[in-house]
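Structural description and commentary
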Amino acid sequence: MIILPFASPAADLANTGGKGASLARLTRLGLPVPPGFFVTTEAYRSFVAANALAGVLAPALAGLSAEDAAGLERASARIRSAFSAGKLPEEIAGQVVSGYRALGPQAVPVAVRSSATTEDLPDLSFAGQQDTYLNIVGKSQLLEAMVDCWSSLWTARAIGYRLRNSIPHEQAALAVVVQEMVPSEVSGVLFTANPLTGLLSESVIDATFGLGEALVSGQVEPDHFVVDPAGGAIRSLRLGAKTSATRSKAGGGVESLPEEAAGRQTLTEEQVRRLVAAGRQVQEEYGLPQDIEWAFAGGELFILQSRPITSLFPIPQVSFDPLVVWFSFGAVQGMVGPMTPLGQESIARVVLGIGKKLGLHIEYEDQDIFAIAGERIWVKISDLIRHPLGSGLFSAFLGFVEPSVGQILRQLAAEPRLGAGKGRFKLSTLRRSLGFFLPIAVDMVKTMLHPERARERFDVILENYLQSVRIPAGADRFERLANFAAFMEGQGGLADALPTLLPRFLSIFAPAMASLNQIGHLLPKKDPGDHGFSMSVLEVTRGLPRNVTTEMDLALWGTATAIRADAAAAQAFGGQSAPQLAARYLEGTLPPAAQSAVGRFMDRYGVRGVGEIDLGQPRWREEPTPVMRTLQSYLQIDPAAAPDVLFEKGAAAAEQAIQSLAAEARRQPGGRIKEKQLRAAASRVRLLMGARESPKFLAVRAMGMVRGFLLAVGEEFAAAGTIDRPDDLFYLHTGELDALSRQEDRDWKGLVAQRRQSYERELRRRQVPRLLVSDGRAFFEGIGAGSDTGETISGSPVSPGVVEGVVHVVFDPRTTQLAPGEILVCPGTDPAWTPLFMAAGGLVMEVGGMMTHGSVVAREYGIPAVVGVHQATERLKDGQRIRVDGTAGRIKLLPPSG
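This write-up is about the structure you can find in this document. (Residues numbered from 1 in each chain as written. Predicted model: local features only at pLDDT ≥ 70, side-chain atom pairs only at ≥ 80, totals over all residues. Heavy atoms only, no water.)

**Comments concerning the overall build of the chain**
- If you tally the helices and strands in the chain, you get 32 helices and 26 strands.
- Its C-alpha radius of gyration of 31 Å places the chain within 12% of the 29 Å reference for a compact globule of 898 residues.
- Based on the C-alpha atoms only, the size of the chain along its principal axes is roughly 100 × 70 × 65 Å.
- Counting across all 898 residues of the chain, residues that qualify as buried make up 56%.
- At a minimum sequence separation of 6, the contacts of the chain that also span at least 24 residues come to 69%.
- Seen as two clouds, the 90 positive and the 95 negative side-chain charges of the chain have centres 6 Å apart. (Helix = DSSP H or I, 4+ residues; strand = E, 2+ residues; numbered from the N terminus. Rg over C-alpha atoms; globule rule 2.2 N^0.38 Å. Buried < 20%, exposed > 50% of the residue type's maximum accessible area, 1.4 Å probe, protein only. Contact = heavy atoms within 4.5 Å. Lys, Arg positive; Asp, Glu negative; His and termini not counted. Charge placed at Lys NZ, Arg CZ, Asp CG, Glu CD.)

**A closer look at unusual backbone geometry**
- In this model, aspartate 321 is joined to proline 322 through a cis peptide bond whose omega is 5°.
- Assignment of secondary structure puts proline 322 in the loop between β13 (300-308) and β14 (325-328).
- In the Ramachandran plot, alanine 52 falls in the positive-phi region, its phi being about 50° despite a non-glycine side chain.
- Within the secondary structure, alanine 52 sits in the loop between α2 (41-50) and α3 (54-61).
- A residue is classified by how much of its surface remains accessible, and alanine 52, at 54% relative accessible area, is exposed.
- Positive phi outside glycine occurs at glutamate 375, with the angle close to 60°.
- With respect to the helices, strands and loops of the structure, glutamate 375 is situated in the loop between β15 (370-373) and β16 (376-380).

**Let's talk about the sheet that holds strand β9 (residues 234-238)**
- A sheet is described by the order of its strands in space; here six strands give the open sequence β9-β8-β7-β6-β12-β13, paired in antiparallel fashion. Of all the strands in the sheet, just β9 and β13 have a single pairing partner and so form its edges. The mean inter-strand angle of the sheet, taken between neighbouring strand axes irrespective of direction, is 20°.
- The pairing of strand β12 (residues 290-297) with β13 spans eight bridges and is antiparallel. Residue glutamate 293 lies in a different strand from β13, and its bridge partner there is glutamine 305.
- Sheet strands touched by helix α9 (residues 269-286): β6 (186-191), β7 (203-209), β8 (223-227), β9, β12 and β13. Its angle to β12, the strand with the most contacts, is close to 140°. (Pairing = 2+ DSSP bridges. Axes fitted to C-alpha atoms, helices over the stretch in contact; angles between N-to-C directions.)

**A look at the nonpolar core**
- In terms of nonpolar packing, the biggest core is built from 136 residues, with Ile519, Met628, Leu771 and Leu824 touching the most fellow members.
- Sorting elements by how many residues they give to this core places helix α27 (residues 694-719) first, with eleven residues.
- Apart from residues lying up to four places away in sequence, isoleucine 519 is in contact with Val537, Val540, Leu661, Leu678, Ala681, Ala682 and Val685.
- If you look at the next biggest cluster of nonpolar residues, it comprises 45 residues, including Val48, Ile92, Trp154 and Val176. (Core = buried A, V, L, I, M, F, W, Y, C linked by side-chain atoms within 4.5 Å.)

**What to know about the sheet that holds β14**
- Pairing is antiparallel across the open sheet formed by five strands, whose spatial order is β15-β16-β14-β17-β18. The open sheet has two edge strands with one neighbour each: β15 and β18 (778-779).
- Pairing analysis gives three bridges linking β14 to strand β17 (residues 771-773), with the strands arranged antiparallel. Following the sheet pairing, tryptophan 326 is matched in β17 by leucine 772.
- Helix α14 (residues 403-413) rests against β14, β17 and β18 of the sheet, and its axis sits at about 25° to β17.

**Comments concerning the side chain of serine 151**
- Of note, serine 151 is situated in helix α6 (residues 139-151).
- In this structure serine 151 touches Arg80 and Phe83, once residues within four positions along its chain are discounted.

**Re helix α1 (residues 13-28)**
- Counted at 1.5 Å a residue, the expected span for α1 with its 16 residues is 22 Å, but the 15 Å between its end C-alpha atoms falls short.
- Residues of α1 that are buried include every one of Asn15, Thr16, Gly17, Gly18, Lys19, Gly20, Ala21, Ser22, Leu23, Ala24 and Leu26, and no others. (Expected span 1.5 Å × (residues − 1).)

**Considerations on the environment of valine 809**
- Among the secondary structure elements, valine 809 is positioned in strand β21 (residues 802-809).
- Owing to a relative accessible area of 14%, valine 809 belongs among the buried residues under this scheme.
- Considered as a pair, valine 809 and isoleucine 823 are 14 residues apart in the sequence and their alpha carbons are 8.2 Å apart.

**Digging into the side chain of glutamate 693**
- Relative to the assigned elements, glutamate 693 resides in the loop between α26 (671-688) and α27.
- Taking the relative accessible area as the measure of exposure, glutamate 693 reaches 1% and is therefore buried.
- Look past the residues within four positions of glutamate 693 in its chain and what remains in contact with it is Asn547, Val548, Thr549, Pro831 and His853.

**A closer look at the packing of aromatic side chains**
- In this structure the tally under the stated criterion is 17 aromatic pairs.
- Aromatic pair phenylalanine 313 and tryptophan 378: ring centres 5.5 Å apart, planes at 70°, arrangement edge-to-face. Taken as a pair, phenylalanine 313 in the loop between β13 and β14 and tryptophan 378 in strand β16 lie far apart in primary sequence, 65 residues in all.
- The exposure class assigned to tryptophan 378 is buried, which follows from its relative accessible area of 0%.
- Pairwise contacts between aromatic rings join Tyr44, Phe47, Phe83 and Trp150 into one cluster.
- A cation over an aromatic ring shows up here: arginine 162 above the ring of tryptophan 154, its NZ or CZ 4.7 Å from the ring centre.
- Seen from the ring of phenylalanine 209, arginine 264 lies directly overhead, with NZ or CZ sitting 4.4 Å from the centre. (Phe/Tyr/Trp six-rings, centres within 6.5 Å; stacked < 30°, edge-to-face > 60°. Lys NZ or Arg CZ within 6 Å of the ring centre and 35° of its normal.)

**Examining α26**
- Helix length check: α26, at 18 residues, gives a terminal C-alpha distance of 25 Å against a target of 26 Å (1.5 Å per residue), a fit within 8%.
- Turning to α26, its buried residues are Gly671, Glu675, Leu678, Ala681, Ala682, Arg684, Val685, Arg686 and Leu688.

What follows is the structure, encoded as structure tokens:
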């Protein structure tokens, strides 16, 4: 199968590449696609095999890095030279020439386009990575252009693109599109959604005279149309200079000619309407906004190719009036990566369980509060924003937890279509709210009066709940899986966790926050930080006792201390890699002192891991490499700057801050009473605020039990061949697990493989929005977006102090060892990141607010921290020296030391 016609049902991604598969689909849809044929990937592979090019590719690509521009160029030159020197098999040449002659009796001018199997995909456009040759005339030119297209699979930019996106080179192959040239009078691109704003209610057209090559290559300033996609009405038009035009040359090839067209409009209103109507048809076919190349010739419209607009984040539901708004659940949790399907569902079920306490019985299958987009959880908040009371309360809450989200919400609230605060107030809502909050208010009063007793009772309640979590066993794997599905859906499962624990947590944590606020109100207003907290007041929260995350990090330091004290253990950790140490721990062959110390840590904290709120994520006890890597980092820390020493200094600094604030209160009118009130408030903060991390640790421990159960069942299903791996079960939903338990005949392996592919694709996404709107907009902006200038980057100050150090950008703590004193720059953090804090000199995060997990722990450790920083992981680079001012919320770029 060397060539295929455009309309062939065999023209798919594997045979004809992304561009080819799209053209075939458009042709079958009946759209005006210029005729042509495909030279399939089989021809490419035959050419590679016939010329033994695999022997050239392997050594040329060995050890390449996407950042090594010179190395990429050398590899590309070597490979492309070998392609050019290759001999084209006669069978391939014969069939291609036959296909060409079928286009017409004369030498028809054609466009010869590369079509890789890794381009024009929903998540990766690969646009411009391979070559296109225009106005190719005659069989000799055609065959030469075809080989040049094949070799363009190995341009430096294409090799680097694959490396950056973790696409194995051996998976790439290239087909060639041979398509009749359109003698374009006007050509350009149509975006069926606004590629800059994401608005689905706007289409954008860029148009120029002649061929579109000048536009695509950036050589000409086009006319720019913003159009209503529904009817094609032009909303705005900016005429471009259009000082040149690309046109075909006689005998083949193209040339750029001067053009005086600044005052001439490229498209008529009728042509715009025809183009937009065709764009709607293409978008409806693909179900995604499209980037379409088009041309007008002889008054006729031609569609040259179409690809998804991969820069747009997917929207859960399209609605223009009323608008629907979702915020990122992961941003609040410091987890910006994707989640597995069962992990998504378990979180939604847990949170929906709170509806029981409010008298609402919302079934998971019927709810619309949670949506999934980009394999992440999004929480619908537009109904709350419209509520007369909920609008202000929720905006204030989100502004506190994630200040950048608060900024965006204030912007959105001014839009009439959202109708902020204009909803109806229902008495039934008031009754349900009072029934939920009044008992909490009573418990809060008790907590204020007897904080130590309340904290003791809270800890007991948590442990009792954990003991109650039990998944019924079963006689075989089918019964055990059925019992697990029932556990997820019914009483006594994870869905009961939040209704049981949230009221008790609020009765502890709300008094802690109220007491922190009270300290601020008892003092004169000066130099306020976020939400009225001065940084001196936040000093009270350093070195908080009974914080389970702090206790975990100190326990890990204790493990490092035990390893340091034993010669054999210290030698092993100094001479072997973290993966080797992890393997030895799992085998039980570490030196006895190390095996015992690490084992004690794992007994308590082995259920933790990166992205731990996702049931589908591995835990440290399964993959201990991150723990070993952190221990190796701890062993480099000077004992004088040891975490336990720093923690004690933090607690001492908090006590000193209390004394200083009390003295300041005493100097105010009514000073003695204010001093007494301040000391009582500070005592409550110290006793209660450490409870912030306890519910999450409890949930993670419960999830550890659930995950262990499901992995054991998964092993049996994998052994039976139903699935490939035990953790495949996390890529199924509860209803599907129930169907599997009933032995329904489905392609379980295929379904899991598809979902794994989606998950792994989303792992590559570096920037994730904070808010989504149903009209297509996605808001990525953090603090300082659009306002930062020069060498200063701004964010939200959350942990006081100033530190200078070297940037270390981290996306995955499982693969990173932080050197003492480095500035940790990351998208967000959860508790599994905090062992890195012990070595870090400062912290910069893209998401977060005052009470985000990373902010709380940074304050406890005395690490200066700035969060909510717009695109911090892109604007700051490894090895760069910066000054982090956690008091003012500023990051200053510094010249290199020395």
